[in-house]
Amino acid sequence: MFSPSSSPASRRIQLLQQQLNSETKFVTSQREDARRLDKSTSLNNTHGCLQESYTVVLPEVLTPDGEWGVHRSRESPHRLVSRFPAPNEHIRTLHDNWECSVRKYREEPCLGSRTLKPNGKLGEYRWKSYSEAGEDRTALGSGLQNRGIKPGATVGLYSVNCEEWVLMDAACHAYSMVSVPLYDTLGPEAVRYICGHAELAAVACSFAVLPVMLQCLPQCPSVRLLVVYGARGRPLPYPPTERCELVEFEQLREEGRKNLQPHSPPGPEDIATICYTSGTTGVPKGAVLTHANLIANSAASAPTMDLGPGDRHMSYLPLAHIYERVSLVSVIYCGCAVGFYSGDVQTLLDDMAELQPTLFLSVPRLYNRIYDGVMAQVSSGSAVARALFRAAYASKKAALDAGDLSGGRMAPLWDRLVFSKIRAKLGGKVRMLATGASPISKEVFEFLRICFGTHVYEGYGMTETSCTISRTDPLDLETGHVGVPLTCNEIKLVDIPEMNYLSTDKPYPRGEICVRGPCVFKGYYKDEAQTAEVLDGNGWLHTGDVGTWLPGGRLKIIDRKKNIFKLSQGEYIAPEKIESVYQRCPYVAQAFVYGDSLKSQLVGIVVPDPEVLLPWAKGQGFPQNLEALCGNPAVIREVHQKMVEEGRAAKLQGFEQVAAVHLCSEPFSVENGLLTPTFKLKRPQAKEAFRSVIDGLYAGIN
């Protein structure tokens with residue numbers, strides 16, 4: 001109770017302390033409840049979900065009239081997490097993380113790759129223990145030092161995911177070098193730019209991308225060492241310049257073993273990596289992340305995920321992307337085994353069947369394919385099979401809707417009879433799923449929960465925050481949001497008046513999502529101007545994403561501040577929001593929405609999903625030729641109509657609906673220059689590629 005004579009500031013402080021204390025009691029109770037939950041491969045047998053708020057709201061500045069708009073996780077309201085919990089609080093760098101895990105999990109499997117049989121087919125996984133991985137990183141780091149690559153140097157990592165990539169990265173951190181990942185899909189222009197901008201002293205690359213690297217080498221004067229892996233006995237070419245040496249991975253490791261050097265551990269505030277964001281416009285930007293940044297993000301998530309020795313992680317998302325990069329930090333911390341896919345997404349399901357991962361991290365694009373494939377199989381199955389699937393699905397959905405996380409008393413039967421075949425698609429042993437990098441639909445999220453019978457996490461994040469900003473709670477049955485702030489950061493919403501988004505909006509505040517905490521990056525490498533655009537003087541990172549707070553302190557992404565434009569009558573358009581709506585339409589695999597300030601309407605370029613369009617076309621008596629179907633007026637009308645219906649269901653305004661569409665049979669891809677390596681649409685390039693088509697669509701409207 002406040003003292004009548006206390007000042008407004010004192011009363012504010014007392015109120016703040018009372019709120020924090022009440023949060024702590026709630027968190028303690030929640031953790032005790034969580035400990036009692038049954039740990040199994042299925043969802044816990046818990047009825048009801050937490051209805052209280054998942055966040056605590058605090059003032060940004062503690063003044064009598066200050067606004068209360070900063071949200072923190074109720075798991076840690078008093079402070080933002082920057083280190084792992086005891087007894088591992090001494091882990092402050094990526095080097096420390098490896099050191100700790102090598103000591104703790106010495107003989108546990110660490111890194112696994114598939115063998116090749118004599119007939120050239122893929123075989124079983126061959127494992128390297130934590131102890132062996134630790135020895136290799138020291139040998140490789142020593143080899144780099146012996147060849148003149150010193151602490152502080154930048155080292156490029158250029159390949160698909162593989163154990164050599166991870167070992168070279170670990171070697172860099174053991175000797176205070178800075179690793180700089182490059183997507184294996186990058187072309188010569190981007191490779192040259194990153195090599196020059198980051199002043200790479202060495203590049204470790206696979207034999208597959210070596211031709212591109214050699215092509216770039218004459219224009220990369222700082223690169224003086226190439227480390228090549230995956231040659232498998234094939235001769236290496238001579239580098240086109242005398243200033244650069246070329247050495248095989250195995251040779252470098254052997255050289256290091258013969259002349260081992262003591263580790264040169266980095267400090268927490270030293271740069272760990274420079275991650276070049278793929279960028280949809282302009283040249284790539286290098287996000288500078290310290291060891292402290294990466295440890296903070298991992299420390300806020302890994303200890304809560306019930307992982308340990310015996311768990312297996314499939315590494316197939318690009319290690320050049322922060323999502324997989326920080327996931328690796330977390331699974332190494334937990335002592336999990338990391339199995340690498342064979343390098344070809346066409347054989348990913350075969351890799352999954354062989355590895356049988358217990359943890360699977362992916363993106364909505366893959367989950368959507370699984371969902372569409374299963375639903376197509378159900379639709380084309382027998383009447384009995386359809387009825388059985390629908391009964392099983394409805395039964396588990398009803399249980400979840402009632403708050404029963406176990407899926408109901410019939411769940412074991414349904415899982416065995418119906419859903420085991422779906423689980424087998426991911427190896428049959430998955431007990432934890434995670435999705436991120438882009439929004440996932442409510443329908444697909446619900447599908448994963450029901451069919452896989454396990455915890456499903458959805459995260460929201462970005463490179464500049466060392467990965468995750470917010471994450472859903474597996475005990476929260478509400479869907480359609482991206483969870484609550486991770487304990488390593490706090491979030492506030494900032495007004496965007498020109499888009500009519502205000503933090504004072506009722507019933508739900510809206511605005512640009514801003515993030516602050518020990519996971520936030522230090523800025524863009526050699527680019528003060530762009531750093532100043534996103535990092536303000538109070539340490540807040542302005543994400544460019546628009547969010548709203550839902551009941552319970554859940555964050556929902558509703559729009560994008562960037563890429564907005566006006567139509568001729570003054571309406572603001574956020575094309576990414578509209579595209580995400582249209583991509584829920586079963587016919588639509590990819591969409592590009594276009595408009596400008598000289599036009600009053602929008603048009604769309606759509607890549608149809610052949611797995612949905614072809615069966616429909618067959619039923620209509622149309623030929624089974626996708627290119628021909630894309631030019632058929634009746635097909636175009638059908639797709640456009642369904643898109644508009646999807647837009648109405650999502651409550652798009654009339655001016656947000658496309659007035660005309662063009663169907664394109666060739667998917668947008670990295671190879672044709674329309675997607676970034678992280679599968680984001682390159683708008684300027686798409687505009688140029690479809691310029692004549694867009695002009696034709698507008699001519700047709702007029």
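Scroll up to find the structure this text is about.
In this text, all values refer to a predicted model and were calculated from it rather than measured experimentally. (Residues numbered from 1 in each chain as written. Predicted model: local features only at pLDDT ≥ 70, side-chain atom pairs only at ≥ 80, totals over all residues. Heavy atoms only, no water.)

Q: Explanation requested: the overall build of the protein chain in the structure shown.
A: Summing up its helical and strand segments, the protein chain has 21 helices and 28 strands in all. With the C-alpha coordinates aligned to their principal axes, the bounding extent of the protein chain is approximately 80 × 70 × 60 Å. Residues classed as buried in the protein chain amount to 53% of the 702 residues present. For the protein chain, the proportion of contacts with a sequence separation of at least 24, taken over those separated by at least 6, is 66%. (Helix = DSSP H or I, 4+ residues; strand = E, 2+ residues; numbered from the N terminus. Buried < 20%, exposed > 50% of the residue type's maximum accessible area, 1.4 Å probe, protein only. Contact = heavy atoms within 4.5 Å.)

Q: Could you clarify how one ought to interpret empty space enclosed by the protein in this entry?
A: The method is simple in principle: a probe with the dimensions of a water molecule rolls over the atoms, and the space it marks as empty is what remains. Considering all chains together, one arrives at 2 cavities of 30 Å³ or more under this definition. For the largest cavity, the calculated volume is near 120 Å³. Forming the boundary of the largest cavity are Leu94, Asn97, Trp98, Trp165, Val166, Asp169, His173, Leu294, Arg325, Leu328, Val329 and Ile332. When contributions to the lining of the largest cavity are tallied by element, the ones reaching two or more residues are α2 (94-104), α4 (163-174) and α9 (322-334). (1 Å grid on protein atoms, 1.4 Å probe; cavity = no way out; pocket = protein on both sides within 12 Å on 5 of 7 lines; lining within 4 Å. Points joined across faces, edges and corners; volume = space filled by probe spheres on them.)

Q: I'm lost on a negative patch on the surface in this one. Help?
A: A cluster of like negative charges, contributed by Glu107, Glu108, Glu132 and Glu135, occupies part of the molecular surface. Along the chain, the position of Glu132 falls in helix α3 (residues 130-146). Overall, Glu132 belongs to the partly exposed group, its relative accessible area being 38%. (Patch = residues over 30% accessible without salt bridge, like charges linked within 9 Å, V, L, I, M, F, W, Y side chains within 5 Å. Areas by Shrake-Rupley, 256 points an atom, 1.4 Å probe, with all protein chains shown as cover. Salt bridge = Lys/Arg side-chain N within 4 Å of Asp/Glu carboxyl O. Lys, Arg positive; Asp, Glu negative; His and termini not counted. Charge placed at Lys NZ, Arg CZ, Asp CG, Glu CD.)

Q: What exactly am I supposed to notice about helix α10 (residues 348-355) here?
A: For the α-helix, the turn length of 3.6 residues means that residues three or four positions removed from each other point alike. For α10, the complete set of buried residues consists of Leu348, Asp351, Met352 and Leu355. Buried positions in α10, seen along its axis, are confined to an arc of 100° and lie on one side of it. One or two positions beyond α10, positive phi appears at Gln356, with a value near 55°. (Arc of directions from axis to C-beta.)

Q: So what exactly am I meant to see when it comes to the sheet that holds strand β28 (residues 658-663) here?
A: What links the strands of a sheet is backbone hydrogen bonding, and the strands pair in either a parallel or an antiparallel sense. The sheet built from 3 strands is open, its strands ordered β26-β27-β28 with mixed pairing. Lying at the two open borders of the sheet, with one neighbouring strand each, are β26 (588-594) and β28. Averaged over all pairs of adjacent strands, the angle between strand axes in this sheet comes to 25°, irrespective of strand direction. Taken together, the 6 bridges between β26 and strand β27 (residues 602-608) define a ladder with antiparallel strand orientation. (Pairing = 2+ DSSP bridges. Axes fitted to C-alpha atoms, helices over the stretch in contact; angles between N-to-C directions.)

Q: Explanation requested: the packing of aromatic side chains in the structure shown.
A: What characterises a pair of aromatic rings is the spacing of the ring centres plus the angle enclosed by the ring planes. Evaluated as defined, the whole model comprises 15 aromatic pairs. Where Tyr371 meets Phe447, the ring centres are 5.1 Å apart and the plane angle is 90°; that geometry is what we call edge-to-face. A residue pair is termed long-range when its members are at least 10 positions apart, and Tyr371 in helix α11 (residues 364-380) and Phe447 in helix α14 (residues 442-452) qualify at 76 residues. Connected via pairs of aromatic rings, a cluster forms that spans Tyr316, Tyr341, Phe360 and Tyr367. (Phe/Tyr/Trp six-rings, centres within 6.5 Å; stacked < 30°, edge-to-face > 60°.)

Q: Explanation requested: the pairing of strand β19 (residues 490-494) in the structure shown.
A: Where a strand is regular, its side chains alternate between the two sheet faces. Extensive coverage of β19 is indicated by the burial of 4 of its 5 residues. Note: β19 against strand β20 (residues 510-516), 5 bridges, orientation antiparallel. Within β20, the position partnered with Leu493 by the bridge is Ile513.

Q: Would you take a moment to explain the pattern of salt bridges for this structure?
A: Should the charged atoms of two oppositely charged side chains come close, the side chains can pair. Summed over the entire model, instances satisfying the criterion amount to 30 salt bridges. For Asp136, the salt bridge identified is with Lys128, shortest N-O distance 3.0 Å. The class of Lys128 is buried, set by a relative accessible area of 14%. The partner of Lys397 in a salt bridge is Glu446, and the shortest N-O contact between them spans 3.7 Å. Separated by 49 residues along the polypeptide, Lys397 in helix α12 (residues 383-401) and Glu446 in helix α14 bring together distant segments of the chain. Overall, Lys397 belongs to the partly exposed group, its relative accessible area being 27%. Three or more residues joined by partner-sharing salt bridges are found here, namely Lys128, Asp136, Glu163, Arg253, Glu254 and Arg257.

Q: Please explain the environment of Phe360 as it appears in this structure.
A: Considering the arrangement of structural elements, one finds Phe360 in strand β14 (residues 359-362). Taking the C-alpha atoms as reference points, Phe360 and Pro237, separated by 123 residues in sequence, lie 38 Å from one another. If we skip the residues at most four places from it in the chain, Phe360 touches Met314, Tyr316, Met352, Leu366, Tyr367, Leu426, Val430, Met432, Leu433 and Ala434.

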